Amino acid sequence: MAFASATVGKAAPALAVPELDGQAFDLSAQHGRVVVVNFWATWCPPCREEMPALDAFYRRYHGQGLEMIGLSTDRPHDRSDVTKVMQSYSYPAAVLDDAKVNDFGSPDVLPVTFVVDRSGVIRAKLTPDQTPVTEKSLSDAVLPLLAEKPATQTSGNPGDPNAKP
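Residues numbered from 1 in each chain as written. Predicted model: local features only at pLDDT ≥ 70, side-chain atom pairs only at ≥ 80, totals over all residues. Heavy atoms only, no water.

*Asks:* How should I be thinking about the confidence of the model for the protein chain in this particular structure?
*Replies:* Here the protein chain averages 89 in pLDDT, while 88% of its residues score no lower than 70. For the protein chain, per-element mean pLDDT is lowest for strand β6 (residues 101-102), which scores 94, and highest for strand β3 (residues 34-40), which scores 98. Contacts of residues 153-165 to residues separated by more than four positions or lying in other chains number 6 contacts, the stretch itself having pLDDT below 50. (pLDDT = per-residue confidence, 0-100. Helix = DSSP H or I, 4+ residues; strand = E, 2+ residues; numbered from the N terminus. Contact = heavy atoms within 4.5 Å.)

*Asks:* In this structure, what is going on with the sheet that holds strand β5 (residues 93-95)? I would like to understand it.
*Replies:* Hydrogen bonds between backbone atoms are what pair the strands of a sheet, whose relative direction is either parallel or antiparallel. Across the sheet, 5 strands lie side by side as β5-β4-β3-β7-β8; this open sheet has mixed pairing. Unpaired on one side and paired on the other, β5 and β8 (122-126) mark the two borders of the sheet. In this sheet, adjacent strand axes meet at a mean angle of 20° when their direction is disregarded. For strand β4 (residues 66-72) and β5, the ladder comprises 3 bridges, and the chain directions are parallel. Bridge assignment links L71 to a residue of β5, and that residue is A94. (Pairing = 2+ DSSP bridges. Axes fitted to C-alpha atoms, helices over the stretch in contact; angles between N-to-C directions.)

*Asks:* Quick question: what am I supposed to make of helix α2 (residues 79-86) here?
*Replies:* If you check which residues of α2 are buried, you get V82, V85 and M86. An end-on view of α2 places all buried positions within 95° of arc, on one side of the element. Turned more than 90 degrees from where α2 packs its buried face, S80 and K84 sit exposed. (Buried < 20%, exposed > 50% of the residue type's maximum accessible area, 1.4 Å probe, protein only. Arc of directions from axis to C-beta.)

*Asks:* Honestly, the side chain of Q30 in this entry has me stumped. Any pointers?
*Replies:* Tracing the chain through its elements places Q30 in the loop between β2 (24-26) and β3. The exposure class assigned to Q30 is buried, which follows from its relative accessible area of 11%. Among residues more than four places away in sequence, those in contact with Q30 are F25, V35 and E67.

*Asks:* Sorry if this is basic, but what is going on with helix α3 (residues 135-147) here?
*Replies:* Note on helix geometry: an α-helix contains 3.6 residues per turn, so any two residues three or four positions apart are oriented the same way. Counted at 1.5 Å a residue, the expected span for α3 with its 13 residues is 18 Å, and the 17 Å between its end C-alpha atoms agrees. A maximum bend of about 30° is found in α3 at A141, where proline P144 lies one to four positions downstream. Every buried residue of α3 is listed here: S137, L138, S139, A141, V142, L145 and L146. (Expected span 1.5 Å × (residues − 1). Bend = angle between axes of the 7 residues up to and from the residue.)

*Asks:* Just to check I follow, could you spell out the pairing of strand β1 (residues 15-18) for this structure?
*Replies:* Residues in a regular strand point their side chains to alternate faces of the sheet. Two strands pair when backbone bridges link them, and β1 and β6 are joined in this way by 2 bridges, in the antiparallel orientation. By the bridge assignment, L15 is partnered in β6 with N102. By the bridge criterion, 3 bridges tie β1 to β2 in an arrangement that is antiparallel. The residue of β2 that forms the bridge with A16 is D26. Counting the residues between successive antiparallel strands, the hairpin from β1 to β2 contains 5 residues, one of them, G22, with a positive phi of roughly 95°.

*Asks:* Explain the packing of helix α1 (residues 45-61) against α3 to me, please; I cannot follow it from the model alone.
*Replies:* How two helices pack is summed up by the angle between their axes together with the distance between the axes. Across the interface, α1 lies against α3 with an axial gap of 10 Å and an inter-helix angle of 30°. Viewed along their axes, α1 and α3 adopt a mutual orientation that is roughly parallel. In this structure, the crossing between α1 and α3 has a hand that is right-handed. The segment α1 lies against α3, with A53, L54, A56, F57, R60 and Y61 engaging E135, L138, S139, V142, L143 and L146. When grouped by side-chain class, the residues that make up the contact of α1 with α3 number 9 nonpolar, 1 polar and 2 charged. (Parallel < 35°, antiparallel > 145°, perpendicular 65-115°, else oblique. Left-handed = near helix turned anticlockwise from the far one by under 90°. Nonpolar A, V, L, I, M, F, W, Y, C, P; charged D, E, K, R; others polar.)

Put into C-alpha cells, the structure is as follows:
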C-alpha cells in the first residue's frame, strides 16, 4: 500500500506509533490540533535539508495548537542513527516500522509531509518536486488552519492544551 488512503481533502489515515522517547503518538487523539506528519530517512539528503525548517516551525507554533511527528522510514536496526539525528531537533520522531497502526502505508517518495487540520482532514501534501517544505510553504499550509477554532470543545477546560477528548 503506497499512500493510497492519504489524499488531500479526505480524512487522515490512522497512525499510532511509539515515539523515540517512549511517548505514544496517535493521530486520532490529536483532534482539535493541527498536525504535521513528515516522512523522512537519515540517508535522504532532501529530508535532512528540510528538517531545520520543520523544527523552527514546530518551536514557533507548538504552543498555538501545532503538533508534529517525524516518521523515519529507516530500518529498525538503524534506530541509533535516527536517534542521533533527532537529538538536534525538538519535534517528536518515531521509526515507521514500530507503528502499531499505519494506514498511511509506505511512502513512494521521500520526503513527504502531510498537514492535517483540527478535524482530522488532510489539507496539504508537501513534496520536493511539488511544494517543498520551507518556512513559507509551512506558513501557507498551517497558519490558516491554526487560526480556525476547533469546531467543538471536548474538554471541560477550554484553555487546557493537554485535554483529551
